[in-house]
Amino acid sequence: MSELRWHPLLGQWVTVAPWRQERTYHPDAAHCPLCPTRPGRPPTEIPLPDYHIAVFENRFPSYTGEQGRCEVVCYTADHDSSLGAQPLQQVRDLVEVWQDRVRDLSRLEGVRYVFVFENRGEEIGVTLSHPHGQIYAYPFVPPIIETELATGRAHQRKTGRCLYCDVLAGEIGVRRVVEEAGWVAFVPYFARWPYEVHVAPHRHLGSLLDLDDAEAWGFAAVLKNLLQRYDRLFHKPLAYVMAMHARPPGRGHRYHHFHVELYPPNRSADKLKMLAGSEIGAGAFILDVRAEETAKQLREA
Ligand SMILES: [Zn+2]
Ligand SMILES: [Zn+2]
Ligand SMILES: [Zn+2]
């Protein structure tokens, strides 16, 4: 079991999982554990000669057993592809897989939050290049979600409205990147990363489980469109973290509005924004470019 340690100054949990030191580190394509098990080759994590989308439990999990779960979602059997390069139907199928896993993991004993995310690119420390994302089922609500819930709750009490619906209402054209059936992707006014983008439904939905069929297609389309723009921006695959911010499982938190946040670490084609003293030590982000400018670049990419 991993060890949960309480940080009394920040009021946050820190998870210690020492076995993760042993995890597979930058294998070459011939030894990728996320590829199908090809005939005559050593077995991978997926004991099949091919697959469409595959989900399995992480062999080096941060949370296990009573504490939660860590799953890996392989977007495609094609080692050299990416999420944005998948056909729309494949992304739509993936949305359904995410929905299934969120539904199942939310029901596990002791799980307080289910977080769907992707780390992409060596720049942010990805050790397996095969196109994949992850799902963590946490035994607590993580701090960023707690903060969003607290600001959302306070805004609702004060105004009677959803904070995120108000953010969307204020996101005028200059910071929009793309719109697809009921969804918008935009660089928020308050972005902390140069090419940070939020993807959100116009309708006030709490999680992936609330999407109707048209909205699930819209989500697939807006995500694909944005990720392709990311890769065209500097004519190379752009690294990013993709984080889905849904309501915690259960009936409460009706005021929270589902959205996806993406943070590429780049500030230009060959320069990364490194987190340093102000960001790491004080939590205060400083940017050298305006959201209106980066949104324009992404619109034109
Ligand atoms: Zn692979
Ligand atoms: Zn809302
Ligand atoms: Zn958020």
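The preceding data block contains the structure.
Residues numbered from 1 in each chain as written. Chains lettered and ligands numbered in written order. Predicted model: local features only at pLDDT ≥ 70, side-chain atom pairs only at ≥ 80, totals over all residues.

## What about helix 6 (residues 291-300)?
Thought 1: Those residues of helix 6 lying buried are A291, T294, A295 and L298. Angular distribution of buried residues about the axis of helix 6 spans 105°; they occupy a single face of the element.
Thought 2: Looking at the buried side of helix 6, the elements it contacts are strand 7 (176-180), strand 8 (183-186) and helix 4 (213-233). (Buried ≥ 20, exposed ≤ 12 C-beta atoms within 10 Å, placed from the backbone. Helix = DSSP H or I, 4+ residues; strand = E, 2+ residues; numbered from the N terminus. Arc of directions from axis to C-beta. Contact = placed C-beta atoms within 7 Å.)

## A word on unusual backbone geometry
Thought 1: For H235, which is not glycine, the phi dihedral falls at a positive 55°.
Thought 2: Here H235 lies in the loop between helix 4 and strand 10 (240-245).
Thought 3: Unusually for a residue other than glycine, H253 sits at a positive phi of about 60°.
Thought 4: Turning to its location among the elements, H253 is positioned in the loop between strand 10 and strand 11 (259-263).

## So, helix 1 (residues 88-106)
Thought 1: Between the first and last C-alpha of helix 1 there are 27 Å, a value that for 19 residues agrees with the 27 Å anticipated at 1.5 Å per step.
Thought 2: All of the buried residues in helix 1 are V91, L94, W98, V102 and L105. Down the axis, helix 1 shows its buried residues gathered within 75° of arc, on one side only.
Thought 3: Those residues of helix 1 that are buried lie in contact with strand 4 (69-74), strand 5 (113-120), strand 6 (132-138) and helix 4. (Expected span 1.5 Å × (residues − 1).)

## Quick look at the environment of E180
Thought 1: By secondary structure assignment, the location of E180 is in strand 7.
Thought 2: Residue E180 is classed as partly exposed on the basis of its 18 C-beta neighbours within 10 Å.
Thought 3: Taking the C-alpha atoms as reference points, E180 and F219, separated by 39 residues in sequence, lie 7.7 Å from one another.
Thought 4: Every residue in contact with E180, bar those within four places of it in the chain, is listed here: G218, A221, V222 and N225.

## So, the pairing of strand 1 (residues 3-7)
Thought 1: Counting buried positions along strand 1 gives zero out of five residues, so the element sits mostly on the surface.
Thought 2: Where strand 1 lies against strand 2 (residues 12-16), five bridges are found, and the strand directions are antiparallel. Within strand 2, the position partnered with E3 by the bridge is V16.
Thought 3: Between strand 1 and strand 2, which pair antiparallel in sequence order, lie four residues; one of them, G11, sits at a positive phi of approximately 65°. (Pairing = 2+ DSSP bridges.)

The quantities given are spatial measurements derived from coordinates; they are silent on function.
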